[in-house]
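# Breakdown of the fold
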Amino acid sequence: MSKIHVMENALANMIAAGEVVERPSSVIKELVENSIDAQSRQIGVFIYDAGRTKIVVEDDGTGMDREDAVEAFKRHATSKILTTFDLFRIKTLGFRGEALPSIASVSKMTLVTCDGSGAGTSVVSEDDELSVHDASMRQGTVVTVEELFYNTPARLKYLKSDFTENANSIEIMCRLALAHPEIAMTLYVDDRKNFSTSGRGNLLETIKDIYGLEVAQKMIPFHYANNDFSVDGFLGKPEMAKANRYFIITLLNGRNVYMPKVQSTIVDSYHDFIPPTRFPFVVLEMTIDPALVDVNVHPSKREVRFSKEGDLRLALLEKIPEALRGKNLVPDVVSAPKPQVMVKEEQLALEFDTYSPKPIMPEVESNPVPQVAVFKEPEAVYRESVHAETQIRSLKALCQLHLTYIVAEDDQGGFYLIDQHAANERINYEKLQRLMNATLTVSEPLIPIVVHLNPSEMVLLNSEKMALLESVGLKLEMFGINAYQVRQIPSWAKEYDEQAYVDEILHEALHGDKIDIPKLRTHVIATMSCKRSVKAHDRLSLSEMQYLLDTLLLCDNPHSCPHGRPTIVHFTQYEIEKMFKRTGV
Ligand code: ADP
Ligand code: MG
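Keep in mind that what you see is a predicted model, and the values were worked out from it rather than measured.

### So, the overall build of the protein
For the protein, the helix and strand inventory stands at 20 helices and 23 strands. Burial analysis of the protein (585 residues in total) assigns 50% to the buried set. In the protein, the proportion of contacts linking residues at least 24 apart, taken out of those at least 6 apart, comes to 70%. Accessible surface, the protein as shown: approximately 28,300 Å² in total, 54% of it carbon and sulfur.

Written as structure tokens, this is what we have:
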């Protein structure tokens, strides 16, 4: 008896759904990609109960006639490719003809569509049955997905909290919107508007629409092109560095893609600008001849292969630091926190006008006065901690090497190289540790602080996170759309940098995984100390170098930075003499 038979359609669709439809955000991705492929100018997405009860995606695209609207529910039915020739030259986001039947097989789906000629069509799919009716409809398509995973209980159980599912969906929408600044996208979550983009085709404006004006103002334009590919977009200034890789957004031919090696290269290219525990904020769109790209790696199409990936990575590694260098990147080291000036939107509009994706000319040293970190008077916290037995008693600064190391000598005939950044980090780390471990007293910030969150962060800031923040002295109050005003802050932060404290603690609480108070503190101390430290390539005066060394020697552990790298390398007189064969060894 034969045991092998071809699967029933419904079963095959459900199996395909296992790969394509993982969670509500994947439904949104597939439906919005269809709307993009249908040349829509406007796309609206509505999520209810984190996508469990209802997801609606509506567009003003080409729409479908009745025949196509029914055909679209069939597996492997697509209007996007016809032959294998097409498969190697894919210009659309979809091509597998799988999304609609897969989603329909695990939900109750209604598709209402009209191609502009004649009346519209409504197709309702429920329990593998289609019913087709007339529907009055303008040109475009509305897809409604209800009761997602109602017939796959395991999938339903596997969904995470509403917060997490919403955050995932919002994130996917942000990326789709960034990949298509020419389409006006709007997202509503439980009838509340989350974000909307203008659709005017300007990436920086889209970044502003999604992440806010402050973020958009801290982006540096980037452009690179050769014969095989071009890369356009924006590099976040180092001060915007994030605690995770979430904000390294790589887009390829209008598609949000996962290219782990390219993302690592982007992180590496920021090596000189941000500490090793941090990740840059980057939105880069790569435009590559579709013939060189294989998007058919995984059913979700998130992974792609690109034959010139090595060249792309080399180019990024060289050109990103070039674009960052010469810009005024170093946040003031000692100046008091700047008053929060509300910048008018027009100011950004001006920047939009001046931005065009053209090669950045090599800059003539835009900033002839080097950014120098000025150190404050030694503070009481250090004096208290003077170690009775510090191994190195005193160091005399001699000069700066490669604008990165301080050359110093002691009175024993040896010489030292000190990594200026690592040393400064150690100093700040110990100072902050003392400040944070002291009894917590809170007060209002000196200067009003308003924090702007991006749409997915807004949903992450739940009452549990608010309570956590309050226990480390940060009290927030709603302040308009996507913003909070800081009501209370630890009193010590006044002497340090209130804004930096707020930014760091908030970022870590929202994006760090499994947060507890000690972890939160340690992380914030490490990043704040790094941020406030002089960097490699900062020019220091002799007295600044001397001050840095004096303060370093007052530390509990002057020998390594908070990340464990050495701060000081020592060459003894004996070693020097040995090198010159003066010792007879
Ligand atoms: P694919 O996108 O891979 O072709 P789908 O199952 O997602 O497969 O969609 C099947 C077909 O239905 C598409 O090729 C397209 O012709 C049509 N379609 C789906 N959504 C839309 C839409 N929003 N507007 C117009 N046509 C659509
Ligand atoms: Mg599709």
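### Here we look at the pairing of strand β11 (residues 248–252)
For β11, the buried fraction is high: 5 of the 5 residues fall into the buried class. Side-chain alternation along β11 places Ile248, Thr250 and Leu252 on one buried face and Ile249 and Leu251 on a second face that is also buried. By the bridge criterion, 5 bridges tie β11 to strand β13 (residues 282–288) in an arrangement that is parallel. The residue of β13 that forms the bridge with Thr250 is Leu284. Judged from the 2 bridges that link them, β11 and strand β12 (residues 255–256) form a sheet pairing that is antiparallel. Looking at β12, one finds that Leu252 is bridged to Arg255. Once β11 ends, the chain turns through 2 residues before running back antiparallel as β12, passing Asn253 with a positive phi of about 45°.

### A few points about helix α14 (residues 420–437)
Taking 1.5 Å of rise per residue, the 18 residues of α14 would be expected to cover 26 Å, and the 26 Å separating its terminal C-alpha atoms lies within 8% of that figure. The residue sitting at the N-terminus of α14 and contributing the capping side-chain oxygen is Asp419; that oxygen lies 3.0 Å from the backbone nitrogen of His421.

### So, the site of ligand 1
Inspection of the region around ligand 1 gives 20 residues, with Asn34, Thr78, Ser79, Lys80 and Gly97 positioned closest. Contact distances for ligand 1 include 3.2 Å between an oxygen atom and a backbone N or O atom of Ala99. A distance of 3.3 Å separates a nitrogen atom of ligand 1 from a polar atom in the side chain of Thr141. Protein chains shield 93% of the accessible area of ligand 1, which is 530 Å² for the free molecule.

### Some thoughts on a nonpolar patch on the surface
A cluster of nonpolar side chains, namely Met7, Leu11 and Ile15, defines an oily patch on the protein surface of about 280 Å² accessible area. Mapped onto the elements, Met7 comes out in the segment before α1 (9–20). Of the residues examined, Met7 reaches a relative accessible area of 44% and is grouped as partly exposed.

### What to know about empty space enclosed by the protein
Leftover empty space is mapped by rolling, across the atoms, a probe with the size of a water molecule. For the coordinates displayed, the defined rule picks out 3 cavities of 30 Å³ or more. Of the volumes computed, that of the second largest cavity is approximately 80 Å³. In terms of lining, the second largest cavity is formed by Lys29, Glu33, Ile172, Arg175, Leu176, Asn256 and Arg302. Where the lining of the second largest cavity is concerned, the elements lending two or more residues are α2 (24–37) and α7 (162–179). Per-element tally for the lining of the second largest cavity: the top contributor is α7, with 3 residues.

### Observations regarding the sheet that holds strand β16 (residues 396–401)
Paired through backbone hydrogen bonds, the strands of a sheet run either parallel or antiparallel to each other. The sheet built from 4 strands is open, its strands ordered β16-β17-β18-β23 with antiparallel pairing. Only two strands of the sheet have a single neighbouring strand rather than two, namely β16 and β23 (568–571). Neighbour to neighbour, the strand axes of the sheet diverge by 25° on average, direction disregarded. Summarising the sheet, strand β18 (residues 415–419) and β23 pair through 4 bridges and their orientation is antiparallel. By the bridge assignment, Leu417 is partnered in β23 with Val569. Packing against the sheet, α14 makes contact with β16, β17 (405–409) and β18, and its axis sits at approximately 70° to β18. Along the sheet face, helix α19 (residues 542–553) touches β16, β17, β18 and β23 and points at about 120° away from the line of β16.

Conventions adopted
- Residues numbered from 1 in each chain as written.
- Chains lettered and ligands numbered in written order.
- Predicted model: local features only at pLDDT ≥ 70, side-chain atom pairs only at ≥ 80, totals over all residues.
- Heavy atoms only, no water.
- Helix = DSSP H or I, 4+ residues; strand = E, 2+ residues; numbered from the N terminus.
- Buried < 20%, exposed > 50% of the residue type's maximum accessible area, 1.4 Å probe, protein only.
- Contact = heavy atoms within 4.5 Å.
- Areas by Shrake-Rupley, 256 points an atom, 1.4 Å probe, with all protein chains shown as cover.
- Pairing = 2+ DSSP bridges.
- Expected span 1.5 Å × (residues − 1).
- Polar contact = N/O pair within 3.5 Å; in protein donor to acceptor, adjacent residues only side chain to side chain.
- Near = heavy atom within 4 Å.
- Patch = residues over 30% accessible without salt bridge, like charges linked within 9 Å, V, L, I, M, F, W, Y side chains within 5 Å.
- Salt bridge = Lys/Arg side-chain N within 4 Å of Asp/Glu carboxyl O.
- 1 Å grid on protein atoms, 1.4 Å probe; cavity = no way out; pocket = protein on both sides within 12 Å on 5 of 7 lines; lining within 4 Å.
- Points joined across faces, edges and corners; volume = space filled by probe spheres on them.
- Axes fitted to C-alpha atoms, helices over the stretch in contact; angles between N-to-C directions.

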